[in-house]
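# Observations on the three-dimensional arrangement
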Amino acid sequence: MTLEELHEVIKNCTRCPLHKTRRNAVPGEGDIKLGIMIVGEAPGASEDEVGRPFVGAAGQLLTKTLAELGIQRGDVYITNVVKCRPPGNRPPAREEAAACLPYLLKQISILKPKRVVALGAVSAKTLLGLVGKEVEKVGDVRGRCYPGKIAGVQLEICVTYHPAAVLRNPRLGEDFRRDIATFFKGGLDRYF
Ligand code: URA
């Protein structure tokens, strides 16, 4: 299956109740040429509206942070653990995340990222859970990369705050920017 075919499957997905309330599923977008995939939690209202990830306020902070480091957003593949918006932006339910997980696994097996950057607790817990690491608080793993194999792909899972958390608490911004810089610098040096 190609990535484009997978995106079509996701756009038509009815595996969980979120399909009933979504306007658009948000499969993901971008390129894997830097070897890096960014994984958020779930689409919000803006993303649901247009079917693209991280285009609302949190997305603008992410895009700006990447741009300040000289990284074009389009050079990074960006997706979420859950591909449809939970109503009212509540956190995705366990069953919703479980129903959607095969899509993230398939994205990883197709794109073969060297590094997956997990934004926030839902993403960090999901991805680190796949390599057998329990996470209590995102603060315990933030700023670090953990090696592991997901969907047969050897990669590193690197964790930072969700940009929405940075918007709520600007004091997290310094760590967030430093983490993104570290994760991308290491990736760029090592693979290109
Ligand atoms: N928050 C996320 O986790 N993902 C998006 O795509 C937008 C906001």
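All values derive from a computational prediction rather than experimental measurement. (Residues numbered from 1 in each chain as written. Predicted model: local features only at pLDDT ≥ 70, side-chain atom pairs only at ≥ 80, totals over all residues. Heavy atoms only, no water.)

### Re the layout of surface pockets
One number sums up the size of the largest pocket: a volume of about 530 Å³. For the lining of the largest pocket, the secondary structure elements donating two or more residues are α3 (45-50), α4 (57-68), α6 (120-130) and α8 (163-168). Here the lining of the largest pocket is built from residues that sort into 13 nonpolar, eight polar and four charged. For the second largest pocket, the calculated volume is near 300 Å³. Lining the second largest pocket we find Val 81, Pro 91, Pro 92, Ala 93, Arg 94, Ala 97, Ala 98, Leu 101, Ala 121, Val 122, Lys 125 and Thr 126. Mapped onto the lining of the second largest pocket, the elements with two or more residues apiece are α5 (94-111) and α6. Partitioning the lining of the second largest pocket into residue classes produces nine nonpolar, one polar and two charged. (1 Å grid on protein atoms, 1.4 Å probe; cavity = no way out; pocket = protein on both sides within 12 Å on 5 of 7 lines; lining within 4 Å. Points joined across faces, edges and corners; volume = space filled by probe spheres on them. Helix = DSSP H or I, 4+ residues; strand = E, 2+ residues; numbered from the N terminus. Nonpolar A, V, L, I, M, F, W, Y, C, P; charged D, E, K, R; others polar.)

### What about empty space enclosed by the protein?
Counting across every chain of the model gives one cavity of 30 Å³ or more. For the largest cavity, the calculated volume is near 90 Å³. What lines the largest cavity is a set of 14 residues, and nearest its centre among them are Cys 13, Cys 16, Cys 84, Cys 100 and Tyr 103. When contributions to the lining of the largest cavity are tallied by element, the ones reaching two or more residues are α2 (18-21) and α5. When residues of the lining of the largest cavity are assigned to their parent elements, the largest contribution, four residues, is made by α5.

### A word on the packing of helix α1 (residues 3-11) against α5
Put simply, α1 and α5 touch, their axes get as near as 10 Å, and they point 170° apart. When the axes of α1 and α5 are compared, the pair comes out roughly antiparallel. Residues Leu 3, Leu 6, His 7, Val 9 and Ile 10 of α1 lie in contact with α5, whose contacting residues are Tyr 103, Lys 106, Gln 107, Ile 110 and Leu 111. When the residues that make up the contact of α1 with α5 are grouped by side-chain class, the tally is seven nonpolar, two polar and one charged. (Axes fitted to C-alpha atoms, helices over the stretch in contact; angles between N-to-C directions. Parallel < 35°, antiparallel > 145°, perpendicular 65-115°, else oblique. Contact = heavy atoms within 4.5 Å.)

### Here's the deal with the site of the ligand
By nearness alone, every residue bordering the ligand is listed as Gly 40, Glu 41, Ala 42, Glu 47, Pro 53, Phe 54, Asn 80 and His 162. At a separation of 2.7 Å, an oxygen atom of the ligand approaches a polar side-chain atom of His 162. When the ligand is considered free in solution it has 240 Å² of accessible area, and contact with the protein chains removes 92% of it. Of the pockets mapped on this structure, the ligand occupies the largest pocket. Residue composition of the shell around the ligand, by class: three nonpolar, three polar and two charged. (Near = heavy atom within 4 Å. Polar contact = N/O pair within 3.5 Å; in protein donor to acceptor, adjacent residues only side chain to side chain. Areas by Shrake-Rupley, 256 points an atom, 1.4 Å probe, with all protein chains shown as cover. Sits in = over half its atoms within 2 Å of the grid points.)

### Re the pattern of salt bridges
Evaluated as defined, the whole model comprises 12 salt bridges. For Arg 178, the salt bridge identified is with Glu 174, shortest N-O distance 3.9 Å. Here Glu 174 and Arg 178 lie together in helix α9 (residues 173-191), a separation of four residues that amounts to about one turn. Owing to a relative accessible area of 42%, Arg 178 belongs among the partly exposed residues under this scheme. Residue Arg 178 is joined to Asp 175 by a salt bridge in which the shortest nitrogen-to-oxygen separation is 3.2 Å. With Arg 178 and Asp 175 both in helix α9, this residue pair falls three residues apart, about one helical turn. Taken together, the shared-partner salt bridges in this structure form one network comprising Arg 142, Glu 174, Asp 175, Arg 178 and Asp 179. (Salt bridge = Lys/Arg side-chain N within 4 Å of Asp/Glu carboxyl O. Buried < 20%, exposed > 50% of the residue type's maximum accessible area, 1.4 Å probe, protein only.)

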